[in-house]
Amino acid sequence: MSEVRTQPPYDVRGFAVAPELATDAYAKLGRLQDVVGEMVREAKVLGRSVPLGGGYAGEIGEFMAEYGIGGQGSAVQQLTAFGKELETLKQRIGEALAKYQHADEQAAEGVDCTGG
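The shown structure was predicted, so the numbers you read here are calculated from the model rather than taken from an experiment.

Thresholds applied
- Residues numbered from 1 in each chain as written.
- Predicted model: local features only at pLDDT ≥ 70, side-chain atom pairs only at ≥ 80, totals over all residues.
- Heavy atoms only, no water.
- Patch = residues over 30% accessible without salt bridge, like charges linked within 9 Å, V, L, I, M, F, W, Y side chains within 5 Å.
- Areas by Shrake-Rupley, 256 points an atom, 1.4 Å probe, with all protein chains shown as cover.
- Salt bridge = Lys/Arg side-chain N within 4 Å of Asp/Glu carboxyl O.
- Helix = DSSP H or I, 4+ residues; strand = E, 2+ residues; numbered from the N terminus.
- Phe/Tyr/Trp six-rings, centres within 6.5 Å; stacked < 30°, edge-to-face > 60°.
- Lys NZ or Arg CZ within 6 Å of the ring centre and 35° of its normal.
- pLDDT = per-residue confidence, 0-100.
- Axes fitted to C-alpha atoms, helices over the stretch in contact; angles between N-to-C directions.
- Parallel < 35°, antiparallel > 145°, perpendicular 65-115°, else oblique.
- Left-handed = near helix turned anticlockwise from the far one by under 90°.
- Contact = heavy atoms within 4.5 Å.
- Nonpolar A, V, L, I, M, F, W, Y, C, P; charged D, E, K, R; others polar.

(A) How the structure looks around a nonpolar patch on the surface. A surface patch of nonpolar side chains, amounting to about 330 Å² of accessible area, comprises Leu32, Val35, Met39 and Phe82. A per-element tally of the nonpolar patch places helix α1 (residues 19-46) first, with three residues. Structurally, the position occupied by Val35 is in helix α1.

(B) Expanded view of the packing of aromatic side chains. Throughout the structure, instances matching the rule amount to zero aromatic pairs. Positioned above the aromatic ring of Tyr26, the side-chain terminus of Lys90 is 4.9 Å from the ring centre.

(C) Inspection of the confidence of the model for the protein chain at higher detail. On average, residues of the protein chain score 79 in pLDDT, and 73% of them reach the 70 mark or higher. Predicted confidence in the protein chain is weakest over helix α2 (residues 55-69), with a mean pLDDT of 76, and strongest over α1, with 89.

(D) How the structure looks around the packing of α1 against α2. Contact geometry for α1 and α2: axes closest at 7 Å, N-to-C directions at 150°. When the axes of α1 and α2 are compared, the pair comes out roughly antiparallel. Judged by the twist between their axes, the crossing of α1 over α2 is left-handed. Contact with α1, carried on its side by Ala43, Lys44 and Leu46, involves Met64, Ala65, Tyr67, Gly68 and Ile69 of α2 and no other residues of that element. Here the residues of the contact of α1 with α2 sort into six nonpolar, one polar and one charged.

Right, dumping it as structure tokens:
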């Protein structure tokens, strides 16, 4: 009978990333947040009532308003939720960088370089 492994052979609770890469990712997430913010502002413009006339054109105007700032599933709602996820990710990266810096500082204090 073959052996079945229930646990992976390595620790899956976390992984290490070079601090330079984490800092770069943090900055890129900030730029992405700026883009998402701009998209929210543009979507809110869609939400304004556009007097396109009656009939089909009126339906398009209503759809644009609903899609822009309407309720469940609107562009503004989805983009805002995405922006919040980006902020959570940035916070986690920031916390990891702070831990790394603290550990690095602690290690530097404990190294005795005298006496060759």
